[in-house]
Each structure stands twice: as structure tokens, then as C-alpha cells.
Amino acid sequence: MRSLWSPMKDSAQGLVQSPVQQMDVLFISHLVSAQADPESADFYYGNLPEELASCGLSSLVALQDHAPHTRRSFRKQFIRGGTTSRMVLPRWTTFSQECRLVYRARLSALTILHAVAADGASFKRAVALEAARHATTGSTIASLRLHGAVKRLCARFRPRALFVTWEGHAWERLAFHAARSVNPNIQCIGYQHTVLFPRSHALKRSLGRVYDPDVILTLGDVTRDVLRASEGLRDIPIMTYGSHRRLTTSNWRAPDASTRCLVIPEGLESECLTLFDFAVKAATRMPSMQFVIRTHPVLPFSWLASRYQRFRILPVNMRVSDQAAIIDDFAQSDWALYRGSSAAVHAVLAGVRPIYVERPGELPIDPLFVLKGWRHRVATVEEFGAVVAIDQAMASEDRRREWEPARTFCDRYVVPTNPDIIQRILTDRIRQC
């Protein structure tokens, strides 16, 4: 109904002030926080658009809006024109366009159900029912909406290359399809910017030329090697690019770090609840320990506390981080409770011991599942307390010797960016066009 009372304009009209008629590169990125600074580097691509501009390449960053409860005036602050243009994609379109998207989704669901209606296999029917349910969800509608937006942007600015964050989501494949429907020769690049999980299958599969990337860039050598070993990607060049979020580690440690534990959930509500409930129990039973919560920008703690009354009053030894940079929280903590957050990799690089909080009977989502040492897994507060007690009794040199192999591994997992790789890819492509 929001599209009926407050229709959004065509996404391509958001840059009418831009004097640039054609963009060399289109980036699909994400606006993840209502407190984001419009003047700061992009959350995923960093200063890459500016680095490309210094080489004579223009770009447009189109931000998907994930920030909760943002006003239109806030989103307008992110719009800019010129050779490093930027815009925020609308969360919905016109009422008629939204109705067409819903119709297409429901038609697909019915097609799936009819295809297996006569099949007696209970497993196939169960899969079909689940697929039909997902075909009409909000995330599916959002993916179809993005497909239309990318198609219009490509028709308006005729980019020679398209970048998307590469995590295995359906919208990534649809973005490639939309771009190639306008220009079959566009260079489609997937940027694997975060950790890989044991069962990260979607981004390792081939869905055919029109849906697959031409190139995959990774944040480090570990994930590069994992993707290169994937049968479905054997014909796709995979190269290490790095991450602008690779932290510059510091040898400084707070004198009371051995009494502090950082809590670093990923940006999913269910994962926040799991970690926060565990941390509250731990704080209650371990009064000599300090617990510091640092949420993902897409899901601020204040929003969670407004929805869940049990988090409105925290134990006296538990608080929300007041540090601007996560490296400062790492320097003041000896442990970090985590589940699926890529921040665990950076915690290791900073000398923090990551503690994975397990749930009974789950399929693990530990991004450090390959790591043999240094990281611990716990299911109860008692197990966590035992880890803390052993660490507090350990000599600093013994702790450092245990940490070194983990640091070496994470040094390969996430590396500093190498813009020359992207400039070379784009320059070669543009020469061919």
C-alpha cells in the first residue's frame, strides 16, 4: 500500500542533475545504517570509485536501502552526480509496477505447484511447496524490483561493467541478467567481500552464461582457493582483490582487556537474539567480566531493544560499545562472542580469541570453521567460563604462540585491496568495446 500513497519515481531519474551521459562502471552496493555518513567511503567498495576516476573511468554507485526507518531527506543526502555518481534505489515503485511484480511471483508459484501436482513423491512435493512459498516472499519481490531498476539504469547510462557483492543471493544473478538484456557484452563482476561458510553453495554454482559472473574477485587468498576448487566455477577467472575493511592492527592492548569480552553478531535479528541472550546469562553469572555489545550497522541495538523488552535493562557489567572503530573495541577485549559475523576474522588479526556460540542440533555457520586452533566453540555459559579461566591463567608468551598460526591464516583470509587488478580488468574490457 505504500506504493499507492507514496509512489517512488523511476530509479534512473534520481540523477537528472548528472552531466554524465554514460558511466563506465555501475556498482550495486548497500546503504546499511541510518547513521551512515554521506561523505564516507562506500561500506563495501571503499574508495574504489574515486580510484577509478583518477584513471579516467566514471562510475555510478546504486545503493540498496537496508537502513531501517530512514526518511527520504536522509536518503537524498547520498545522491550526487559527476564522474563518481551515487544514488539510493527506491524501496518500492509505482502501485501498478508493484502489482505486476506480485502477479509474476504468484504465477511462478502456481507453475511450480502444477508441475508436481501429479507426482506422488513426498520429497518432491515438500520441496515444491517450499519453493512456491519462497516465490511470493518479500525478498523475491525485492529481487524482481532490483532487476527492473538495474535494467533501467543500464539503459540510461550504458555502463561497460557491472559490480555486485557476491554472496549467493538471487538478486545478484538477476542483476547480471538485467544488465545483459540491455548490453550482452557488459562485463559482470561478482565481489566476494565476506566470509564463506561450510555450506555456501549458491555462489559456487553455475546457472548459465546469462546469470553467471564473468569474473569473481575475492577478499583474500583463502576464499579464492575455495572458489577456484568449485566445479561450477571452473570456467570463470577468480582473483584476489582484497578488502578496504582490512584493519591496520595495533600492538596496543588495554591493561584490563583480560576482563572484557566483545559481542559481535552479524546483521540478522535471530542471530542477535541468540548472542545477546547468551551474553546476558554470562554477564549475570560472571560479574567480574565486562561484556560489550557491538552490533552490525544494519541492525542497531536501540532498534532491537525497542522490540524486545528483555534488552532494555542490561546487567551492570554489560553495555553497548561507544567506540567509533571496531579496532578500538578489539584492543580492549581478550575474547569475542560470535556466530556468523566476518568480524571474527578481524578479531583474530587483532589478537582476540573468538568464541563461537553453538546452538543444539544446528548446522554450524562458523566462518572460521577451517581454523584448527585459537578459536573455541561453546554451548553453555559454563563452557565459556572455563575458556576464560584457562586463558587468564596462561602466560602471555604461551598465548602468543597459540595465536600466531591463527593470525597467519587470517592474514591470507582478508588482505589489503589491490586496485590495479580492477583497473586492468576494466581497461582491457573498455578497449574491446
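Residues numbered from 1 in each chain as written. Predicted model: local features only at pLDDT ≥ 70, side-chain atom pairs only at ≥ 80, totals over all residues. Heavy atoms only, no water.

Caption draft 1: Representation of the pairing of strand β8 (residues 260–263). A two-sided burial pattern is seen for β8, the buried positions comprising Arg260 and Leu262 on one face and Cys261 and Val263 on the other. Bridge count between β8 and strand β9 (residues 290–293): four bridges; the pairing is parallel. Directly across from Leu262, in β9, lies its bridge partner Val292. Once the chain exits β8 it traverses helix α9 (residues 269–285) before rejoining the sheet at β9, and the crossover so formed is right-handed. Examined bridge by bridge, β8 and strand β11 (residues 335–338) share three bridges and lie parallel to one another. Along β11, the bridge assignment pairs Cys261 with Trp335. (Buried < 20%, exposed > 50% of the residue type's maximum accessible area, 1.4 Å probe, protein only. Helix = DSSP H or I, 4+ residues; strand = E, 2+ residues; numbered from the N terminus. Pairing = 2+ DSSP bridges. Right-handed = clockwise from strand over helix to strand, strands pointing away.)

Caption draft 2: Fine view of empty space enclosed by the protein. Going through the model one piece at a time under the given rule, you end up with two cavities of 30 Å³ or more. In this structure, the largest cavity spans a volume of roughly 50 Å³. In terms of lining, the largest cavity is formed by Leu196, Val222, Thr223, Val226, Phe369, Val370 and Tyr413. Taken together, the residues that form the lining of the largest cavity break down as six nonpolar, one polar and no charged. For the second largest cavity, the full set of lining residues is Cys154, Arg158, Pro159, Ala179, Val182, Asn183 and Ile186. By residue class, the composition of the lining of the second largest cavity is five nonpolar, one polar and one charged. (1 Å grid on protein atoms, 1.4 Å probe; cavity = no way out; pocket = protein on both sides within 12 Å on 5 of 7 lines; lining within 4 Å. Points joined across faces, edges and corners; volume = space filled by probe spheres on them. Nonpolar A, V, L, I, M, F, W, Y, C, P; charged D, E, K, R; others polar.)

Caption draft 3: Up close: the layout of surface pockets. Looking at the second largest pocket, its volume works out to about 500 Å³. Lining of the second largest pocket is provided by 15 residues; of these, Thr140, Gly168, His169, Ala170 and Leu207 occupy positions nearest its centre. The greatest single-element share of the lining of the second largest pocket, amounting to four residues, is contributed by helix α6 (residues 138–157). Across the lining of the second largest pocket, the residue classes break down as six nonpolar, seven polar and two charged.

Caption draft 4: Representation of helix α4 (residues 95–115) in the model. With 21 residues, α4 ought to run about 30 Å at 1.5 Å a step, and its terminal C-alpha atoms sit 30 Å apart, in line with that. Listed in full, the buried residues belonging to α4 are Glu98, Leu101, Ala105 and Ala109. End-on view of α4: buried residues confined to an arc of 70°, all on one side of the axis. Exposed residues pointing more than 90 degrees away from the buried face of α4 are listed as Tyr103, His114 and Ala115. (Expected span 1.5 Å × (residues − 1). Arc of directions from axis to C-beta.)

Caption draft 5: Summary view of the pairing of β9. Two elements, β9 and strand β10 (residues 318–320), share three bridges in a ladder whose sense is parallel. Bridging across to β10, Phe291 finds its partner in Met318. What joins β9 to β10 is helix α10 (residues 301–307), and the crossover it makes is right-handed.

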